[in-house]
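Summary of structural features
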Amino acid sequence: MNLFVRNFIQKYQRVLRKSKPENLLKLLSAIEYTEAILEITAEKLFGKVFKWLIVFVTQLTKCIIKLQLLIFHKTGIQPTPSLFNFGSLIESKKNGQSDQKGEGFFVLKHSGRTVRTIKN
């Protein structure tokens, strides 16, 4: 097994280094945004076994892309992107504005983290 991995890395090292990190980050975010749709579609069309196969393949693909970014491009560990932009909410919290209940968000008392309500 170790010999197989060494041969694979030596053979495809040029291909792995040629891809740009910006393109890999775009691909990673596209995979993460479409992952749920792929899972639901696979389960509806083919059943639970195929759904879990899709989950395995997407997680493996994301892992390979993140490792490529980490090892070859030295970009550091990539956090998972948030589906919602809480930046404006955090800034309004810092400025002292507390109109977040109307927007469907609230701030946790202990941690100060902004959380979206279930109703929205």
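Heads up: the structure comes first, above all this text.
Concerning the packing of helix α2 (residues 21-46) against helix α3 (residues 48-71)
- At their nearest, the axes of α2 and α3 sit 8 Å apart, and the two run at 175 degrees to each other. Between α2 and α3, the crossing angle belongs to the class labelled roughly antiparallel.
- Here the residues of the contact of α2 with α3 are counted per class, giving 14 nonpolar, four polar and eight charged.

Let's talk about α3
- Here α3 contains 24 residues, and its C-alpha end-to-end distance of 34 Å stays within 8% of the 34 Å for a straight helix at 1.5 Å per residue.
- Within α3, burial applies to K51, V55, T58, K62, I65, Q68 and L69.

A few points about the pattern of salt bridges
- Across all of its chains, the model carries three salt bridges by this definition.
- Of the charged contacts in the structure, one is a salt bridge between E43 and K48, with a shortest N-O distance of 3.2 Å.
- Classification of E43 by relative accessible area gives partly exposed; the value is 31%.

Some words on the packing of aromatic side chains
- The full count for this structure, using the stated rule, is one aromatic pair.
- Above the plane of the ring of W52 lies K51, whose end atom (NZ or CZ) is 4.6 Å from the centre.

Remarks on the environment of L70
- Tracing the chain through its elements places L70 in helix α3.
- Put simply, L70 and P21 are 49 residues apart on the chain and 9.8 Å apart in space, counted from C-alpha to C-alpha.
- For L70, the residues in contact, after removing those within four places along its chain, are T75, G76 and I77.

What to know about the nonpolar core
- Counting residues in hydrophobic clusters, the biggest one holds five residues: L24, L28, I31, I65 and L69.
- Listing elements by their share of this core, those giving two or more residues are α2 and α3.
- The element best represented in this core is α2, accounting for three residues.
- Discounting chain neighbours no more than four positions away, the residues touching I65 are L24, L27, L28 and I31.

Parameters and conventions
- Residues numbered from 1 in each chain as written.
- Predicted model: local features only at pLDDT ≥ 70, side-chain atom pairs only at ≥ 80, totals over all residues.
- Heavy atoms only, no water.
- Axes fitted to C-alpha atoms, helices over the stretch in contact; angles between N-to-C directions.
- Helix = DSSP H or I, 4+ residues; strand = E, 2+ residues; numbered from the N terminus.
- Parallel < 35°, antiparallel > 145°, perpendicular 65-115°, else oblique.
- Nonpolar A, V, L, I, M, F, W, Y, C, P; charged D, E, K, R; others polar.
- Expected span 1.5 Å × (residues − 1).
- Buried < 20%, exposed > 50% of the residue type's maximum accessible area, 1.4 Å probe, protein only.
- Salt bridge = Lys/Arg side-chain N within 4 Å of Asp/Glu carboxyl O.
- Phe/Tyr/Trp six-rings, centres within 6.5 Å; stacked < 30°, edge-to-face > 60°.
- Lys NZ or Arg CZ within 6 Å of the ring centre and 35° of its normal.
- Contact = heavy atoms within 4.5 Å.
- Core = buried A, V, L, I, M, F, W, Y, C linked by side-chain atoms within 4.5 Å.

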